[in-house]
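# Commentary on secondary and tertiary structure
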Amino acid sequence: MGTQQILLIVLSVIVVGIAVAVGIQMFSTQAQNANRQAVMGDLQNYGASAVAHFKMPASMGGGGKGTPGFGADLAAAKAGVGRYMGFTAAGTLTNDNGTYTLGYTSASVVTITGVGTEIGQDGTNGVQAVLTVTGTAASPLSTTIAN
């Protein structure tokens, strides 16, 4: 009788251990997904702000619908659209969801990279998404988020 009880206890410990491991994995995955969604939500808000800045007349401190657009270089973009969205002079912004960095491709293209607070699937880097806002005076604005 004693051997059966020990065997049941060992089996119970193994089952409970597996259940705890699966629960931890599920929680971690959910935390990553929630943080990724929060970062993408923030990026959508920043994209809307970038579009608003782009459409605002230059006389009011905006992008003048493509003239000058987002700026002639990264410094101009940081001073214009970055300041409009609340980024620092270095082109970064941090909130509870992550850290966002303003990038620049041309006078008509601005990128914002968001790195979340949760560690991603690679196990070392935070979850990440990139927003690209494109627009010129001749073509409508578009925003895309790459995850």
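The preceding data block contains the structure.
Residues numbered from 1 in each chain as written. Predicted model: local features only at pLDDT ≥ 70, side-chain atom pairs only at ≥ 80, totals over all residues. Heavy atoms only, no water.

This paragraph deals with the packing of helix α1 (residues 2-55) against helix α2 (residues 74-85). In the contact formed by α1 and α2, the axes pass within 9 Å of each other and the chain directions differ by 130 degrees. Of the possible angle classes, the one that applies to α1 and α2 is oblique. Of the two elements, α1 crosses α2, and the hand of that crossing is right-handed. From α1, Y46, S49, A50, A52 and H53 reach across to α2, where they touch G80, V81, Y84 and M85. Broken down by class, the residue content of the contact of α1 with α2 amounts to six nonpolar, three polar and no charged. (Axes fitted to C-alpha atoms, helices over the stretch in contact; angles between N-to-C directions. Helix = DSSP H or I, 4+ residues; strand = E, 2+ residues; numbered from the N terminus. Parallel < 35°, antiparallel > 145°, perpendicular 65-115°, else oblique. Left-handed = near helix turned anticlockwise from the far one by under 90°. Contact = heavy atoms within 4.5 Å. Nonpolar A, V, L, I, M, F, W, Y, C, P; charged D, E, K, R; others polar.)

Here H53 shows up in helix α1. For H53, a relative accessible area of 3% gives the class buried. Ignoring anything within four residues of it in the chain, the contact list for H53 reads G61, G62, G63, G69, G80, V81 and Y84. (Buried < 20%, exposed > 50% of the residue type's maximum accessible area, 1.4 Å probe, protein only.)

Turning to the nonpolar core, a few remarks are in order. Proteins that are soluble and globular tend to have nonpolar side chains buried together. In terms of nonpolar packing, the biggest core is built from 20 residues, with V81, M85, Y100 and I112 touching the most fellow members. When contributions to this core are tallied by element, the ones reaching two or more residues are α1, α2, β2 (98-106), β3 (109-119) and β4 (126-134). Among the elements that make up this core, the one with the highest residue count is α1 (seven residues). (Core = buried A, V, L, I, M, F, W, Y, C linked by side-chain atoms within 4.5 Å.)

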